[in-house]
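Structural overview for review
What follows is the residue order along each chain.
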Amino acid sequence: MKCNKVKKKIAAYLDGELNPVEKNEFLLHINGCESCSEELEDMEFAVSLIKPLEPIKPSPYFYSKIRNNIGTQHSGNVFTRLVSLNLNGLSIALSTLIMLLLGSILGNFVIPENNGYPVRTAELKNALNLGVFNDIAEDSFGMVYNDLLKEKK
Amino acid sequence: MQNDEILIVATANGDKSAFEELVEKYKLIVFNIIHQYLCNSSETEDLAQEVFIKIWKYASTFNPKYKFSTWIYRITVNTCLNYRKANKTSNKHYSLDQIEESGNNDTAEKPSNDTSEIKERNEIITKALLTLPSNQKMALILSQFERRSYKDIAEIMEISVSAVESLIFRAKSNMKNQLLPLKDKNQL
């Protein structure tokens, strides 16, 4: 192993990350090379000074803050989230369509006919006195008045 | 299936009690990785919350092919790195108070007139760590403080093992370059 390669392996050696073959080659070179040996010593010294900060603990409200944030959010995959978002609009549209279809079917096939009018229509006509919109009878006052108006023209 | 995997599947189905169990189990790990990385305790909790909110939101994307701990480390690391990118002036978070509370609490072993030297030393060491590039600092934290193997770190950071080796070598070389001149002056 050459010095350049050995120096790059110093950190991995100190971390115990060299395989047995690499480790043997490394130590063989270190024992015979003053420069690399010094480099190893310097890095060992620097690493010995690297210490973690004092650990800290989360506040007692840590989880409740998270819970408040996830309260309105859905867990789950993209598909289920998309489905849940669109479900309300789709369900309303679908319900309306079904009701219209049902109403149309009922109107066309369920009500029997009587003299060209659906039974229900004839009953409504009588109840609401819609006969006033029929044509003027021949012997009625209205017809006489109509004829007089025509003669005047 | 491991217990963590069962909990994350339950979380993906909206089970908040399973999620709470995961939070309890991993909050200290997540908290302290962020704390070591930021050296700023006031923002640590906010960032830790962000990590767990992401876990809740993306629980269904967890691939059981990998260990759950690797996944949670990955989310924590990415959250830290993205935070640093968004707040590029990292020296704003450098706090002398944080240095005084650092782990090098060996003042009891020395006479009181050496306390100021120890404090100064601690400041220099932590400053050396703070000035490392983000990726190098994170790789060093995972290796030195979390005692993760290079293979684990490669999975967490989604890079190759040789890239991890290179990052850690450069991080330690940078630290060495900053600390050695002080040794020569007999300050250490």
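The coordinates are above.
A brief report on the enclosed structure follows. Only a predicted model underlies this, so the values are computations on that prediction, with no experimental measurement involved.

A count of helical and extended segments in chain A gives seven helices and two strands. Reading the secondary structure of chain A in the N-to-C direction produces α-α-α-α-α-β-β-α-α. In chain A, which comprises 153 residues, the share counted as buried stands at 9%. In chain A, the share of contacts with a sequence separation of at least 24, taken over all contacts with a separation of at least 6, comes to 40%.

For the rest of this paragraph, the subject is the overall build of chain B. Within chain B, the regular secondary structure consists of nine helices and zero strands. Starting at the N terminus, the α and β elements of chain B follow one another as α-α-α-α-α-α-α-α-α. Considering chain B as a whole, with its 188 residues, one finds that 36% of them fall into the buried category. Across chain B, contacts joining residues at least 24 apart in sequence account for 63% of those joining residues at least 6 apart.

All names here are of chain B. Remark: helix α2 (residues 16–38) packs on helix α4 (residues 68–86), axes separated minimally by 10 Å, with the N-to-C direction vectors making an angle of 30°. When the interaxial angle is binned, α2 and α4 end up roughly parallel. Note on packing geometry: the crossing formed by α2 with α4 is right-handed. Two secondary-structure elements touch here, α2 through Y26, V30, I33, I34 and Y37 and α4 through I72, T76 and C80. Here the residues of the contact of α2 with α4 are counted per class, giving seven nonpolar, one polar and no charged.

Here we come to the interface of chain B and chain A. Each partner contributes residues to the interface: chain B has 42 residues there, and chain A has 30 residues. Elements with a contribution of two residues or more to the side of chain B that touches chain A: α1 (3–12), α2, α3 (41–57), α6 (115–130), α7 (134–145) and α9 (161–184) of chain B. Split by residue class, the side of chain B that touches chain A holds 18 nonpolar, 15 polar and nine charged.

With that settled, consider α2(B). Of all the bends in α2(B), the greatest, near 55°, is centred on B:Y26. Once α2(B) ends, the next one or two residues include B:C39, with phi positive near 50°.

Of note, A:E22 is situated in helix α2 (residues 20–32). Overall, A:E22 belongs to the partly exposed group, with 15 C-beta atoms counted inside 10 Å.

Residues and elements named next belong to chain B. Within the largest apolar cluster, 58 residues are counted, with the highest numbers of intra-cluster contacts made by V30, I34, A139 and I168. Ranked by residue count, the leading element in this core is α2, at ten residues. Among residues more than four places away in sequence, those in contact with V30 are A48, V51, I72 and T76.

What counts, and where the lines are drawn
- Residues numbered from 1 in each chain as written.
- Chains lettered and ligands numbered in written order.
- Predicted model: local features only at pLDDT ≥ 70, side-chain atom pairs only at ≥ 80, totals over all residues.
- Helix = DSSP H or I, 4+ residues; strand = E, 2+ residues; numbered from the N terminus.
- Buried ≥ 20, exposed ≤ 12 C-beta atoms within 10 Å, placed from the backbone.
- Contact = placed C-beta atoms within 7 Å.
- Axes fitted to C-alpha atoms, helices over the stretch in contact; angles between N-to-C directions.
- Parallel < 35°, antiparallel > 145°, perpendicular 65-115°, else oblique.
- Left-handed = near helix turned anticlockwise from the far one by under 90°.
- Nonpolar A, V, L, I, M, F, W, Y, C, P; charged D, E, K, R; others polar.
- Bend = angle between axes of the 7 residues up to and from the residue.
- Core = buried A, V, L, I, M, F, W, Y, C linked by C-beta atoms within 7 Å.

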